[in-house]
Amino acid sequence: MAVRTELHRRPTNPLNHVRNLGILAHVDAGKTTVTERILYLTGAVHKRGEVHDGTTVTDFDPQERDRGITIFAAAVSCAWDGHRINLIDTPGHVDFSDEVERSLRVLDGAIAVFDAVAGVEPQSESVWRQADRHGVPRIAFVNKLDRAGADLDAAVASIRDRLHTVPLVVQLPIGAEEGFTGVVDLLRMRALVWADGHDTFEEEEVPDGLRDEARRRRRLLDEAVAELHPAALEEFCARSTVSEPTLTAALRDLTRTGEGVVVLCGSAYRNRGIEPLLDAVVAYLPSPLDVPPVRGTLDDAVQERPADPAAPFAALVFKVNSTATGRLTCLRVYSGTIRKGDTVLDAGARRRERIGRILRVQAGRHSDVDTAVAGDIVAVIGPKSARAGATLCTPAAPLVLEPPAPADPVVSVAVEARRSTDTERLVTALARLVEEDPSLTVRTDPETGQTVLSGMGELHLEVAVEKIRRAHELDIGVGRPQVAYRETVARGVSGLVYRHVKQDGGAGQFAPRSSPSPPAAPPRPTAEARAPRARWTSVSPTPATPVSSPSARRTAASTRRSRRSAPPCAGPAARAPSPRRPRR
C-alpha cells in the first residue's frame, strides 16, 4: 500500500503536471471498471467498487446502478506520481453519444478501451471518429485478457484495419485467458507480474519461454517507430536499434500528433495492468501546455487564449446538473484564474453571474476549493442561466468559445401528466431536463396539442422519462405521438357517367354527371400539383313551347304534374303522362 500513500506528497501541480483525459469504449468493454481501478490505485477511494454490485464511484445515479451501464458522463480527480489527473468516464451506449461529444470538447487526451475478445466494436468506431474530429490524442488499452478467447494480436489487427491507425504495441502478455498473470514491458524488457490477491506487481526477469518472442516484438516496435519518427529513424539506422529514452520520446510525439497509438493490455477486473496504464498516461498524453491555445471569437475577430493562469479568465461549460445543493455547472478552465466570489460574464447570454462556490468533482461527491486555474476541470455553484456550451469569461475581456454541436433527435414520444394538477410541474420538469441534456428537445404539436419529447433513441427516452418520475415524483403517461392525417385527390378519373336524381317533395333535381375524357398526351403530374377535379355538367330544362289555347295549356299542365309524380329512378322516357283527373 506504500504506492498509494506516496501519491499525495504534492497536493498542487503546475500545468505540465496536469492530465485531462476521458475513458472511451463500446458498452461493456470495461471502461467503468478501469476508472474504478484507477481511483483505487491512486488512493482516491479505499475500496474497489464493482459494476455488478452497483458500488462504483462514477455510476452513482440510481438508473445506472439498476441497468448496469454508464448513462451520464462523470468527472473524477486523482493523483499519480505527482500529476493531477482529471478523468471523465463517458457512456458507451450509442443513445448517449452526445454526452461523449460534450466531454471530448474539453479533454486533452483519452484512453480507448477495447475488449480482448471482440476487438473493435461498433461504438468503438463511433467514439474514435468523435475523438478524431476534436483532435484528441489517445492511447489504447486492450482489456479482459483473462477471458476465454482473448487474443491481443487479433484485437490489435482490428484496431489497425477498422480504425485506420498505426498501433504501437509496447507490452507482451504473460499467459493466456485464465493463466494471464502479467505483461512484459518491451521498452525496459522487464516482466511485471501480479500475484493472486495482490494489488501491486512484482518486477522480474523476462521468462525464458517468452524471451525470444519479446526480442522479436521489440524489434517490430523499433521498426514501426523508426518509420514514423525522424529521430528514431536516425538512431535506428546508426545502431540498428532504438534506445529506451529515444523510443519513449518518439512514442510521446507520435501519440500527441495522432500518427500512432500506444497499445497496452491487461485485465481491469483482476487489477492487472492498471499501474503501467497510469504511467503511460503521464508519459505519453499531453498536458494543457502541450495542446494549442484555445480559440474564440470577439466581434467576428478570432482570438487565442493560452493556458496561462495570469491570462484573462475563459472557461467552457460542458455539463449542467440539478442537485439537492443547487444548480451544478461543470466547466473546463482554459485560461486565467477564478476565485470564489468572482463575477464572470456569460458571453452568449450577455449576463453577469457570480461564482458562489468552486468544487472539485468526484462523481456524486464534491469538495470545496478556493481557486481554479487554467487546465482545471471543476464545478461551480452560482450561475443561473449558463447552459452546456456557454462561455464564462472575465467581463473586461469577453470571448465566445466554440460550443459542442448537439445531435439531432431521432425518436419521439408523447408525454402527459395523468392528473391535470400536475401539468405545470411536468412543464417545469421537462424544461430542467432539456437544460441538463441538450440532445433532448420538447415541443408542442400545433395540430394535436400533444407534448412531444424527442431524443437519440428509445433507451435515451426511457431514461429521461424515468428521471422525471423519480426526481419530480410525477405520474406521467407515455405513448406514440398522434399524426394529423390529411386527404387529397390522388389522381383524376375519366369516362365516368352518373345520373343524379333527387326528389324531396318539391321540384325534383335531375342531372347527368360525367368526367371529361383524358387528353391525347397528358402532362406528367408533379408531387405538388393537384389532380384535376371531376367536371360536373348540369342539364338545363328544355324551354317550354309557348301555348296559347286553353286546351293546350291544360294538356301542358297535366304533363308537368305527371312528370313530378314519376318515381325517382325513372328517366324522362319512363315518365308517361297520367290520366287526367276529373274536375270537381
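The following paragraphs examine the structure supplied in this document. Source: prediction; values computed, not measured. (Residues numbered from 1 in each chain as written. Predicted model: local features only at pLDDT ≥ 70, side-chain atom pairs only at ≥ 80, totals over all residues. Heavy atoms only, no water.)

A few points about the sheet that holds strand S5 (residues 138-143)
One open sheet accounts for seven strands, arranged S2-S3-S1-S4-S5-S11-S6; its pairing is mixed. The open sheet terminates on both sides in strands that have one partner only, identified here as strand S2 (74-80) and strand S6 (167-169). Within the sheet, the average angular offset between the axes of one strand and its neighbour, ignoring direction, is 30°. Strand direction decides the pairing type here: strand S1 (residues 18-25) and strand S3 (residues 83-89), joined by six bridges, are parallel. Directly across from Asn20, in S3, lies its bridge partner Asn86. Relative to S2, helix H2 (residues 31-41) is tilted by about 40°, and along the sheet it contacts S1, S2, S3, strand S4 (109-115) and S5. Packed on one face of the sheet, helix H5 (residues 122-134) meets S1, S4, S5 and strand S11 (261-265) and runs near 145° to S1. (Pairing = 2+ DSSP bridges. Helix = DSSP H or I, 4+ residues; strand = E, 2+ residues; numbered from the N terminus. Axes fitted to C-alpha atoms, helices over the stretch in contact; angles between N-to-C directions. Contact = heavy atoms within 4.5 Å.)

Structural notes on the sheet that holds strand S27 (residues 451-455)
Note: strands within a sheet are paired through backbone hydrogen bonds, in either parallel or antiparallel orientation. Pairing is antiparallel in the open sheet, where four strands are placed in the order S26-S27-S25-S28. Unpaired on one side and paired on the other, strand S26 (441-444) and strand S28 (476-479) mark the two borders of the sheet. Within this sheet the neighbouring strands show an average axis-to-axis angle of 30°, counted without direction. Where strand S25 (residues 411-417) lies against S28, four bridges are found, and the strand directions are antiparallel. Bridge pairing in S28 links Glu416 to Gly477.

A look at the pattern of salt bridges
On inspection of all chains with the given rule, the structure shows 40 salt bridges. Across the salt bridge formed by Arg102 and Glu99, the nearest N and O atoms sit 3.0 Å from each other. With a gap of three residues between them, Arg102 and Glu99 both fall in helix H4 (residues 97-104), about one helical turn apart. As far as the burial class goes, Arg102 and Glu99 line up, both buried. For Asp212, the salt bridge goes to Arg215, with nearest N and O atoms at 3.2 Å. With Asp212 and Arg215 both in helix H7 (residues 208-228) and three residues apart, the pair spans about one turn of that helix. By relative accessible area, Arg215 is classed as partly exposed at 47%. (Salt bridge = Lys/Arg side-chain N within 4 Å of Asp/Glu carboxyl O. Buried < 20%, exposed > 50% of the residue type's maximum accessible area, 1.4 Å probe, protein only.)

Observations concerning the packing of H7 against helix H9 (residues 244-257)
Remark: H7 packs on H9, axes separated minimally by 10 Å, with the N-to-C direction vectors making an angle of 55°. Viewed along their axes, H7 and H9 adopt a mutual orientation that is oblique. Judged by the twist between their axes, the crossing of H7 over H9 is left-handed. Taking contact as the criterion, the partners of Arg218, Leu221, Asp222, Val225 and Leu228 in H7 are, on H9, Glu244, Leu247, Ala250, Leu251 and Leu254. Of the residues contributing to the contact of H7 with H9, the split by class is seven nonpolar, no polar and three charged. (Parallel < 35°, antiparallel > 145°, perpendicular 65-115°, else oblique. Left-handed = near helix turned anticlockwise from the far one by under 90°. Nonpolar A, V, L, I, M, F, W, Y, C, P; charged D, E, K, R; others polar.)

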